[in-house]
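# Per-entry structural report
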Amino acid sequence: MSYETGLSEDLRALLEQSTLGAVVHDEQRLLLVNQVGRGPEHLRTVQDVGRLLFGEHAGKTALCARIESAGTKSAANGGAPREPVRLPFEAPDGTRRWLEVLPPAFLPTGLYVQTFLDATELEAERRARSEVDRRLDTALRSAEDFVLYQLRLDPDSELGGVVEMVSPSLSRIMGVPPDTPLPGWFANIHPADLPRVAEANARAAARQERFSEIARVWRPDEERWGWIHAISNPVRDEDGVATHFLGLIVDITAQREAEDERRRLEVELARKHPLEALG
């Protein structure tokens with residue numbers, strides 16, 4: 001829907017066929033409106049566009065202020081791209097939707113080209129990801145008897161992996177801070193177990209296969225040896241190539257100590273029975 005002249009035919013045709021919503025105007029006049037949430041029949045003035053993009057009570061003042069502010073920042077940054085703004089609006093059917101308002105373009109003729117798109121689905125996906133991230137963060141922070149971690153495979157890094165995510169419980173279970181690079185995770189493993197664990201880790205990284213090892217680790221805070229079971233599996237891309245390892249380190253100290261106590265009791269009972277038979 002075009003209003004007064006002032007746009008070249010090529011630019012008008014391009015904007016009218018664009019899949020983006022577009023509004024072209026100066027400080028007073030609307031020259032073109034193509035696709036917007038409420039339909040172009042509702043947009044007659046710059047005030048209408050301002051109310052659509054920035055709220056029912058904003059109107060022309062907020063629209064022009066936002067454009068002028070963006071123009072000033074653009075000039076100060078040497079014309080560097082600016083971030084889009086995501087805003088809620090009410091659709092004709094009364095549902096709440098979202099617009100992604102892109103940075104305006106300033107034409108040499110003094111016109112503003114404001115583009116935007118319906119970002120309702122994008123916003124829903126963002127919120128869903130945010131909720132997943134929040135739950136994952138809660139799980140990581142609440143972990144006490146296990147460590148969750150993710151490694152990115154990198155053949156140029158030591159041990160072939162870079163830590164991308166790990167729960168804070170790494171400090172208690174492995175005896176090293178959560179920001180420790182992967183090679184540091186091996187620092188407190190028992191010397192008798194270290195060669196076996198290191199070899200299994202190298203083999204899993206090279207062959208992109210599952211890793212599963214049990215080992216003793218020294219815990220400085222507790223000043224004693226503990227037991228862990230480390231398990232990780234490769235995460236593959238669409239081509240079947242492993243890009244990450246997702247893993248779990250479980251504190252099995254209590255189980256191992258219970259097993260040791262059970263074996264001790266079995267040995268003690270086996271020793272006592274022959275003595276009772278002899279008596």
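By convention here, each chain's residues receive numbers from 1 onward along its written sequence. Only residues with pLDDT of at least 70 are given local features in this predicted model, and only at 80 or more are side-chain atom pairs given and counted; all residues enter the totals for whole chains, interfaces and linings. Just so you know, side-chain values use all the structure's heavy atoms and leave hydrogens and water out.

Within the secondary structure, Glu 100 is located in strand S4 (residues 96-101). Once residues lying within four places of it in the same chain are set aside, the contact partners of Glu 100 are Pro 84, Val 85, Arg 86, Thr 115, Phe 116, Leu 117 and Ala 119. Segments assigned H or I by DSSP are reported as helices when at least four residues long, segments assigned E as strands when at least two residues long, and all are numbered from the N terminus. Residues count as neighbours in contact if any of their non-hydrogen atoms are within 4.5 Å of one another.

Let's shift gears to the sheet that holds strand S8 (residues 161-166). Strands sit in the order S8-S7-S11-S10-S9 across an open sheet of five strands; the sheet is antiparallel. A strand with exactly one partner marks an edge of an open sheet, and here the two such strands are S8 and strand S9 (211-219). Shown here is a sheet whose adjacent strand axes are inclined to one another by a mean of 30°, direction ignored. In the packing of helix H6 (residues 194-207) onto the sheet, contacts are made with S9 and strand S11 (242-251), and the angle to S9 comes to roughly 140°. Strands qualify as paired when DSSP identifies two bridges or more between them. Only the stretch in contact is used when fitting a helix axis, every axis being a line fitted to C-alpha atoms; angles between N-to-C directions are given from 0 to 180 degrees.

Whether a set of points on the 1 Å grid over the protein atoms alone is a cavity depends on a 1.4 Å probe fitting there but being unable to get out, while an open set qualifies as a pocket with protein on both sides within 12 Å along at least five of seven lines; lining residues are those with an atom within 4 Å of a point. Grid points are joined across faces, edges and corners, and a volume is the space filled by probe spheres set on the points. The full count for this structure, using the stated rule, is two cavities of 30 Å³ or more. Here the largest cavity is characterised by a volume of approximately 290 Å³. Lining the largest cavity are 24 residues; nearest its centre among them are Tyr 149, Leu 182, Phe 186, Asn 201 and Phe 211. Those elements that place two or more of their residues in the lining of the largest cavity are strand S7 (146-153), H6, S9, strand S10 (224-236) and S11. Residues are grouped as follows: nonpolar covers Ala, Val, Leu, Ile, Met, Phe, Trp, Tyr, Cys and Pro; charged covers Asp, Glu, Lys and Arg; every other residue, Gly included, is treated as polar. For the lining of the largest cavity, a count of residues per class yields 19 nonpolar, four polar and one charged.

Take H6 next. Take the number of residues in a helix, subtract one, and multiply by 1.5 Å to get its expected span. Its 14 residues place the ends of H6 20 Å apart at the C-alpha level, agreeing with the 20 Å of an ideal helix rising 1.5 Å per residue. Each residue gets one of three labels from its accessible area relative to the maximum for its type: buried under 20%, exposed over 50%, partly exposed in between, using a 1.4 Å probe on protein chains only. Residues Val 197, Ala 200, Asn 201 and Ala 204 constitute the buried set of H6. When H6 is viewed along its axis, its buried side chains cluster within an angular range of 100° and face the same direction. Those residues of H6 that are exposed and angled more than 90 degrees off the buried face are Pro 195, Glu 199, Ala 206 and Arg 207. In this structure, the buried residues of H6 make contact with S9 and S11. Phi for Gln 208, located one or two positions after H6, is positive at around 55°. Throughout, the arc means that of the directions going from the helix axis to the C-beta atoms.

Moving on, we get to the packing of aromatic side chains. Two rings from Phe, Tyr or Trp (for Trp, the six-membered ring) form a pair when their centres sit within 6.5 Å of each other. Planes less than 30 degrees apart are called stacked, planes more than 60 degrees apart edge-to-face, and all others tilted. Under the criterion given, the structure shown has two aromatic pairs. Between Trp 218 and Trp 225, the aromatic rings sit 5.3 Å apart at their centres with planes inclined by 65°, giving edge-to-face as the arrangement. Note on Trp 225: relative accessible area 36%, which makes it partly exposed. One residue, Arg 256, lies across the ring of Trp 227, its end atom 3.8 Å from the ring centre. Placement of a positive charge over a ring is assigned whenever Lys NZ or Arg CZ falls within 6 Å of the ring centre and within 35 degrees of the normal to the ring plane.

Below, the discussion takes up the nonpolar core. Joining through side-chain atoms within 4.5 Å is the link that ties buried Ala, Val, Leu, Ile, Met, Phe, Trp, Tyr and Cys residues into a set, and such a set is a nonpolar core. By size, the foremost hydrophobic cluster in this structure holds 22 residues, and its most contacted members are Leu 170, Met 174, Trp 185 and Ile 249. Of all the secondary-structure elements, those providing two or more residues to this core are S7, helix H5 (170-174), H6, S9, S10 and S11. With near-sequence residues (within four places) excluded, Trp 185 lies in contact with Tyr 149, Leu 151, Val 163, Val 166, Leu 170, Met 174, Val 176, Thr 180 and Ile 249. Counting residues in hydrophobic clusters, the runner-up holds seven residues, among them Leu 15, Ala 22, Leu 32 and Val 113.

Honestly, it's all geometry; don't read function into it.
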